[in-house]
Amino acid sequence: MREPHLDAELAAALAARGGVPAPLTPDALARWQRHDAARRPRPTLRQLADGGSFAATEHDADGTPLVAARPAGADRPLPALLYLHGGGLIGGNAYAVLPRVLRELARPLGLAVLSVDYPLAPAARYPAPLHACRTALRWAVRHAERLRIDPGRIVLAGKSAGGGLAAALALLLRDEGGPAPLGQLLLSPMLDDRGTTASTRQAAGHDTWDAVSNATAWQAALGPLHRTPDLPPYAAPARARDLSGLPPAYLEVGSAETFRDEVTAYANALWRDGGRAELHVWPGACHGFDTLAPHAEISRTAVAARTDWLRRLLGPGPEPFGPPTH
């Protein structure tokens, strides 16, 4: 099987970083987690405010840490993203992702962002991270007035592992009777623990997150449940047999990444079951391409497409918040 085509700007950015990172193996997991924590420092609330552009607060959402942020001066109830960070279920944090989400989505669309600091594997295995996200959402709905959000206009959102958690949370909420999200924004979501797709094999040794790293993360997250035939769909949404009754979904993935086939299969399953889904497969894009090279043309195009989908989902409303004047 030939290696996937990689966009020229992304290839240059990857080469500048020393090429594809070495695969993550179980024996290196603890060291990788220490390195990940060091390279993703948590900005303070003052730093998140970005000189007065945003207002940020911290909350204890029934035991789950939650960071809420919104454009400064927005006193009306805003629609909100419940944002679930990436990191393979083994890394990342709720704070480090916020500056970019606020800049790219919250400010232009007039959104609040609720970023969940869910517990990480292997210390917290399924279903602990998912249940933490559910707890945070239900807490936010109950405290909507305090957070100044519209509880009927909450979009589940996430990238990579966070995208997988967002998809799983949508399934769980459907089956438990709510609260019902307005939509689900799934960016290169981590959906399938089995690792049997053609793209998993094709991207091995070429993607920034390859088959070995993916298997290491899933094993840490699921323990003995990993790859078992009766794994619940809330643990790995690709296992779901019925995707009917879910909120509208936006899915994106790169053509050169490990997750390509599981994401496109999930979109097809949503359509098969009568759901609303918009799928973008970005040509030549690897996993995390827009973080690797945010100024690349394909990254800017992808951000514009996400923003456009959210704008259409949210419908007409008050004018968005422009760039800061300071």
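Further up the page is the structure itself.
What you are looking at is a predicted structure, and each value in this text was computed from that prediction instead of being measured.

Peer 1: I'm lost on the pairing of strand β6 (residues 183-187) in this one. Help?
Peer 2: Both faces of the sheet carry side chains from a regular strand, because those side chains alternate between them. Most of β6 sits out of view: 5 of its 5 residues are buried. Where burial is concerned, the two faces of β6 agree: the one with Gly183, Leu185 and Leu187 and the one with Gln184 and Leu186 are both buried. The pairing of strand β5 (residues 149-159) with β6 spans 5 bridges and is parallel. Pairing of Lys159 across the sheet is with Leu187, part of β6. In this fold, the crossover linking β5 to β6 by way of helix α7 (residues 161-176) has right-handed handedness. As paired strands, β6 and strand β7 (residues 249-254) are joined by 4 bridges and run parallel to one another. Bridge pairing in β7 links Leu185 to Tyr250.

Peer 1: Quick question: what am I supposed to make of the environment of Pro248 here?
Peer 2: Here Pro248 lies in the loop between α9 (211-222) and β7. For the pair formed by Pro248 and Gly275, sequence separation is 27 residues and the distance between their alpha carbons is 6.9 Å. Excluding residues within four positions of it along the chain, Pro248 makes contact with Leu182, Gly183, Gln184, Arg276, Trp309 and Leu313.

Peer 1: What is the right way to look at the pattern of salt bridges in this model?
Peer 2: Opposite charge on two side chains allows them to pair when their charged atoms are near. Enumeration according to the criterion identifies 20 salt bridges in this entry. Its salt-bridge partner being Asp50, residue Arg107 comes within 3.8 Å of it at the nearest N-O pair. Here Arg107 is found in helix α4 (residues 98-109), whereas its partner Asp50 is found in the loop between α3 (45-49) and β1 (54-61), with 57 residues between them in sequence. In this structure Arg107 comes out as buried when scored by relative accessible area, which is 13%. Close ionic contact of Arg312 with Asp308 constitutes a salt bridge, the shortest N to O distance being 2.9 Å. With Arg312 and Asp308 both in helix α12 (residues 297-314) and 4 residues apart, the pair spans about one turn of that helix. Shared partners join several salt bridges into a network, and the residues in it are Arg100, Glu104, Lys159, Glu252, Asp290 and Arg306.

The rules behind the values
- Residues numbered from 1 in each chain as written.
- Predicted model: local features only at pLDDT ≥ 70, side-chain atom pairs only at ≥ 80, totals over all residues.
- Heavy atoms only, no water.
- Buried < 20%, exposed > 50% of the residue type's maximum accessible area, 1.4 Å probe, protein only.
- Helix = DSSP H or I, 4+ residues; strand = E, 2+ residues; numbered from the N terminus.
- Pairing = 2+ DSSP bridges.
- Right-handed = clockwise from strand over helix to strand, strands pointing away.
- Contact = heavy atoms within 4.5 Å.
- Salt bridge = Lys/Arg side-chain N within 4 Å of Asp/Glu carboxyl O.

The values reported here are purely geometric and, on their own, carry no functional implication.
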